[in-house]
Structures are given as C-alpha cells and as structure tokens.
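The chain contents come next:
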Amino acid sequence: MIQKIDKKAVQDALRMAYDRCKNETGGKNADYIPYLANVPSNLFGIAACLPDGDVVAVGDVDYKFGIESVSKVPTAILAMNQYSGQEVLDKIGADATGLPFNSIMAILLENDHPSTPLVNAGAISACSMVKPVGDSDGKWKAIISFIADLAGSDVEVIDELYKSETATNFNNKSIAWLLKNYNRIYDDPDMALDIYTRQCSIGVTATQLATMAATIANDGVNPVTGKKVFKPELTPKIASMMATVGFYEHTGDWLFTTGLPAKTGVGGGIMGVVPGVMGVAAFAPPLDGAGNSVKAQKALAFIAGHLNLNLFGTTRCVMAEKEPVKA
Ligand SMILES: NC(=O)CC[C@H](N)C(=O)O
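Calculation notes
- Residues numbered from 1 in each chain as written.
- Predicted model: local features only at pLDDT ≥ 70, side-chain atom pairs only at ≥ 80, totals over all residues.
- Heavy atoms only, no water.
- UniProt positions renumbered as here; feature names shortened; annotations may be inferred.
- Domains from an automatic or database assignment.
- Contact = heavy atoms within 4.5 Å.
- Buried area = accessible area lost by both parts, 1.4 Å probe.
- Salt bridge = Lys/Arg side-chain N within 4 Å of Asp/Glu carboxyl O.
- Polar contact = N/O pair within 3.5 Å; in protein donor to acceptor, adjacent residues only side chain to side chain.
- Helix = DSSP H or I, 4+ residues; strand = E, 2+ residues; numbered from the N terminus.
- Buried < 20%, exposed > 50% of the residue type's maximum accessible area, 1.4 Å probe, protein only.
- Core = buried A, V, L, I, M, F, W, Y, C linked by side-chain atoms within 4.5 Å.
- 1 Å grid on protein atoms, 1.4 Å probe; cavity = no way out; pocket = protein on both sides within 12 Å on 5 of 7 lines; lining within 4 Å.
- Points joined across faces, edges and corners; volume = space filled by probe spheres on them.
- Expected span 1.5 Å × (residues − 1).
- Axes fitted to C-alpha atoms, helices over the stretch in contact; angles between N-to-C directions.
- Parallel < 35°, antiparallel > 145°, perpendicular 65-115°, else oblique.
- Left-handed = near helix turned anticlockwise from the far one by under 90°.
- Nonpolar A, V, L, I, M, F, W, Y, C, P; charged D, E, K, R; others polar.

Per an unreviewed UniProt entry, the chain goes by Glutaminase and derives from Alistipes timonensis JC136. According to its UniProt record, the chain has this under Sequence similarities (unreviewed entry): "Belongs to the glutaminase family." Listed in UniProt under the heading Subunit (unreviewed entry), the comment for the chain reads: "Homotetramer."

**Points about the domain arrangement of the chain**
As far as domains go, the chain holds domain 1 (2-65 + 206-319) and domain 2 (69-200). A straight line from the C-alpha centre of domain 1 to that of domain 2 covers 21 Å. Listed as interface residues are 35 residues of domain 1 and, on the opposing side, 40 residues of domain 2. Summing both partners gives a buried area of about 3100 Å² for domain 1 against domain 2, and 73% of it is carried by carbon and sulfur. When the area that domain 1 buries against domain 2 is broken down by residue, the three leading residues are Tyr35, Met241 and Tyr248, summing to 21%. Linking domain 1 with domain 2 are 1 salt bridge, by the criterion used here. Residues Lys227 and Asp149 are paired through a salt bridge, measuring 3.3 Å at the closest nitrogen-oxygen approach. Our enumeration of links across domain 1 and domain 2 arrives at 10 residue pairs in polar contact (both at pLDDT 80 or more).

**Focus on unusual backbone geometry**
Residues Lys131 and Pro132 are joined by a peptide bond in cis, for which omega reads 5°. One non-glycine residue, Glu68, lies in positive phi territory at about 50°. Note that Glu68 resides in the loop between strand S4 (65-66) and helix H3 (72-82). The class for Glu68 is buried, based on a relative accessible area of 2%.

**A word on the nonpolar core**
With 80 residues, the main nonpolar core has Ile124, Ile202, Leu209, Ile238 and Met271 as its most contacted residues. Shared between two domains, this core holds at least three residues of each, these being domain 1 (2-65 + 206-319) and domain 2 (69-200). Ignoring sequence-local partners within four residues, the contact set of Ile238 consists of Val73, Ala76, Ile77, Met80 and Ile216. Within the second largest apolar cluster, 34 residues are counted, among which are Ala17, Val274, Ile303 and Leu307.

**Focus: the layout of surface pockets**
Space inside the largest pocket adds up to approximately 220 Å³. Secondary structure elements with two or more residues in the lining of the largest pocket: helix H9 (170-181) and helix H10 (189-200). Composition of the lining of the largest pocket by domain shows at least three residues from each of domain 1 (2-65 + 206-319) and domain 2 (69-200).

**Focus: the UniProt feature "binding site: substrate" (unreviewed entry) in the chain**
Mapped onto this numbering, the UniProt entry annotates "binding site: substrate" (unreviewed entry) at Ser69, Asn120, Glu165, Asn172, Tyr196, Tyr248 and Val266. Checked against the lining of the second largest cavity, the annotated residues reduce to Val266. Mapping Glu165 onto the fold places it in helix H8 (residues 159-166). Residue placement: Tyr196 occurs in helix H10. Since its relative accessible area comes to 3%, Tyr196 is described here as buried. With near-sequence residues (within four places) excluded, Tyr196 lies in contact with Ser69, Lys72, Asn120, Ala123, Ile124, Cys127 and Asn172.

**Remarks on helix H7 (residues 136-151)**
The end-to-end C-alpha distance of H7, which contains 16 residues, comes to 23 Å, matching closely the 22 Å that a straight helix rising 1.5 Å per residue would cover. For H7, the set of buried residues is Gly138, Lys139, Trp140, Ala142, Ile143, Ile144, Phe146, Ile147, Ala148, Leu150 and Ala151. As for H7, its buried residues are in contact with H3, helix H6 (120-129), strand S5 (156-157), H10, strand S6 (202-204) and helix H11 (206-217). Gly152 occupies a position one or two residues after H7 and carries a positive phi of about 75°.

**Focus on the packing of helix H1 (residues 7-21) against helix H14 (residues 294-306)**
The geometry of H1 relative to H14 is characterised by a closest axis approach of 9 Å and an angle of 140° between their N-to-C directions. It follows from the interaxial angle that H1 and H14 lie oblique. For the pair H1 and H14, the sense of crossing is right-handed. Residues Ala13, Leu14, Met16, Ala17, Arg20 and Cys21 of H1 form the contact with H14, whose own contacting residues are Lys295, Lys298, Ala299, Phe302, Ile303 and His306. When its residues are assigned to classes, the contact of H1 with H14 shows 8 nonpolar, 1 polar and 3 charged.

The following block contains the structure:
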C-alpha cells in the first residue's frame, strides 16, 4: 500500500513530536568528554529535509552541537565511494557488535573478523582508509568537504570540543593500536585516531543533519544544492549499516520500535534516513545508558510511527508533492 504525505503532514508530525517530547526530563549529558557536560541540557530541535530540498524544522535547529558518532556515517560513505562497498565490507565489515560503541572486548572477540565503520573501532579503521593515505591534511580536507557537501553548507570543528576530546581519548588510543595489532589500520594509527577525533568534534545543526540524511535518502544527490555527492548504489549500503548498529547495543530495540535506519552521537544528535522519502534529524543533549539522546529518540520514534516511515511495513510512505532533485 502507498501512503502519500505532503510537506504539511511532515510539518505537523514534527510539531506534534516536539510538543509531546519537550518536557521529557530523562537522561544525562555525556560527561566523559568535558565539553559535552556543559552544553545546555534543555536544547531541543527537530528538522526534516524533503527530496525536493524543502526543509521543515521546529525548536533549536540552528544550534551547533558536536556531531560525534553521526560523523561515522559520512566517513563510511566516503570510504565506500573512494574504494567500493565490497572493499569496506572486506576491510572493516558490517556486523553489529551488540556491545558499547567504544568496546575493546568487541575487537578482541572479532580479531580476525572486522565489525562495522559505525562503532569507534571501525570508524578509526575507516579514517585510516580515507585517501590520500599518508597525508593527514589531504585526508582531513576530503572528510570535511564531504560532510559539507552532504549538508549543503560549510561545517567546521568546534575547537574547544576537539581539545576536550583529544585530552581525554585514552580508550580510543588503545583501540587504534589494538586495531594496528590485528592489521586493521591502513595508515598511521595516531593519524587515523586524530582524524577520527577531529571529525567527531565538527559542529553541526539539526537542519544540517537532516540535509545530510536527505542526501543519503536521495541516492547521493543533495536535494538542496543539486550536487551529486556519492554513488547512488551506496544508499542501501549505508542505510543497512545504520539499521544494523546505529544505536549500538540498543539497536534491536530501536529498529523493532521504529523500522527507521538512524545513527546517534553522544553530542545528542540523531540522523534518520528514509530512502526515497526524506532525511530527518533531532537533537537534545541528555543521553540514555547506551549514549543515545533520550528526547531525540522519542521524537523520531513518534514521527516514524505517525508518518509510517517503518521500512519493514507493507505501507510505503511517499512524498506527494514535487519531484526529487536530480543531479
Ligand atoms: N557515540 C559517540 O558519539 C562517541 C563519539 C566520541 N567521540 C567517542 O569516540 O567516544
């Protein structure tokens, strides 16, 4: 069955989600990265970007927060775009770990069987794969310009956050070197770790996250700028990775509840991709025990249910209005 929705239906869904969730008090800001503990906890925004490039938004959608683990998505796509989906599958993998995002145990258990670019270990591996290998400045330029192309606007590092992460990323240092031990780092380990730490420290708004998600949903063509950012065959690849591990050890519960491929970050952002239909994002800093924003989850779960965005259901939601933007 096809269910046609229009921009107004999306706007109404966002507004209802906002009103229902705005007084939610559960969760706590991440504090293992000192900068994140000090971000105002009551910030809350939701945005959606439609295939014709229209953006609908409610709440604090212009506040720049740390992208954190949502950045694992663009770097995974960039690596697949530079090499191929198959090569990333062979070198990093696409399995859920079922363990926390920064798990060392997961690496020990899987030493000869890589996992996924959407947990810390695989993301550091993906940063090591990004070309030009051996050239830190070149790699960084490739990553930040790729994120800007997905978002349709410039992004930059929040310096204070980058310093805060660099001063405290001891666990990630261990991950980088343990991966080196298992031949799963394809460049200098310290360089790969620094690139990963920098990409996590990029500031984005909820509107930018929604546009990134819409570019993914739109086969790699940014619906706002019309730019072709990546190969269309990578949309189902990255959407399946997000569906598999986007909420770490809570991913099964999330997918069961919503059927929406989405990726969280400890900065409080969540980015959801509905292939062919829209990108949707929410932001609120307090997190649950797995590092996923409590309010953003509730808001996106409401929207997914209300608009029938569940990819596993028999009802397909499609946008009724204009044609998707093509390159
Ligand atoms: N889940 C996350 O957002 C984690 C990102 C954070 N920079 C870390 O590596 O620990």
